[in-house]
Amino acid sequence: MRERIQSISHQGKQVFLADCSNCSAVDVEKIVRAVPDNVTVQPLGSVLLLVDFTGAWFDQGALMAMEECAVFDKLYIKRATWVGGENLPHAFEQNLKAFSRREFPTFKTREEALNWLVGD
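These remarks concern the structure in this document. (Residues numbered from 1 in each chain as written. Predicted model: local features only at pLDDT ≥ 70, side-chain atom pairs only at ≥ 80, totals over all residues. Heavy atoms only, no water.)

### Considerations on empty space enclosed by the protein
Applying the stated criterion across every chain, the model contains 1 cavity of 30 Å³ or more. Estimates place the volume of the largest cavity at around 170 Å³. Taken together, 16 residues line the largest cavity, and the ones lying closest to its centre are Val32, Leu49, Val51, Met66 and Trp82. If you list the elements that add at least two residues to the lining of the largest cavity, you get α1 (25-39), β3 (47-53), α2 (60-72) and β4 (77-84). Grouping the constituent residues of the lining of the largest cavity by class yields 13 nonpolar, 1 polar and 2 charged. (1 Å grid on protein atoms, 1.4 Å probe; cavity = no way out; pocket = protein on both sides within 12 Å on 5 of 7 lines; lining within 4 Å. Points joined across faces, edges and corners; volume = space filled by probe spheres on them. Helix = DSSP H or I, 4+ residues; strand = E, 2+ residues; numbered from the N terminus. Nonpolar A, V, L, I, M, F, W, Y, C, P; charged D, E, K, R; others polar.)

### Description of the packing of aromatic side chains
Under the definition given, this model contains 4 aromatic pairs. Look at Phe53 and Phe58: their rings are 5.3 Å apart centre to centre, the planes differ by 65°, and that puts the pair in the edge-to-face class. Phe58 matches Phe53 in its accessibility class, with the two residues each being buried. Taking the centre distance of 6.0 Å and the plane angle of 40° together, the rings of Phe107 and Trp116 count as tilted. Taken together, the ring pairs connect Phe53, Phe58, Trp82 and Phe104 into an aromatic cluster. Lying over the aromatic face of Trp116, Arg79 brings its terminal NZ or CZ to 4.0 Å of the ring centre. (Phe/Tyr/Trp six-rings, centres within 6.5 Å; stacked < 30°, edge-to-face > 60°. Buried < 20%, exposed > 50% of the residue type's maximum accessible area, 1.4 Å probe, protein only. Lys NZ or Arg CZ within 6 Å of the ring centre and 35° of its normal.)

### Details of the side chain of Arg102
Relative to the helices and strands, Arg102 resides in the loop between α3 (90-100) and β5 (106-107). The exposure class of Arg102 is buried, given its relative accessible area of 9%. Each residue touching Arg102, except ones within four places of it in the same chain, is listed here: Cys69, Ala70, Asp73, Lys74, Ile77, Ala80 and Lys97. (Contact = heavy atoms within 4.5 Å.)

### Thoughts on α2
Across its 13 residues, α2 extends 18 Å between first and last C-alpha, which sits within 8% of the 18 Å expected from 1.5 Å per residue. All of the buried residues along α2 are Gly61, Ala62, Leu63, Ala65, Met66, Cys69 and Ala70. Of the surrounding elements, those touching the buried residues of α2 are α1, β3, β4 and α3. (Expected span 1.5 Å × (residues − 1).)

The structure is reproduced here in structure tokens:
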């Protein structure tokens, strides 16, 4: 699953991509749980994070992992966004925002999300 988390460059800025696209719920959970290992070694408030949920599936384990990681890595995140997520229950998305006290803007394409992440 480590190959699903990578650092990419967009407009000269480093962005962490967690690629959960077309993954099973079990794989989504594994990928999400690996995100903090990459994020928490960066300076506080510096990480630009893009998570691609296009075509991904979710179960209780994946949703719990998302909640835990959203709180755990919060201090390291400058901006975070999602792509996809059509299969993510709307009620869970609202609960995640409230629980983590974070916003997760959602975009239809990676390009849109990347442009938002690196924008001012």
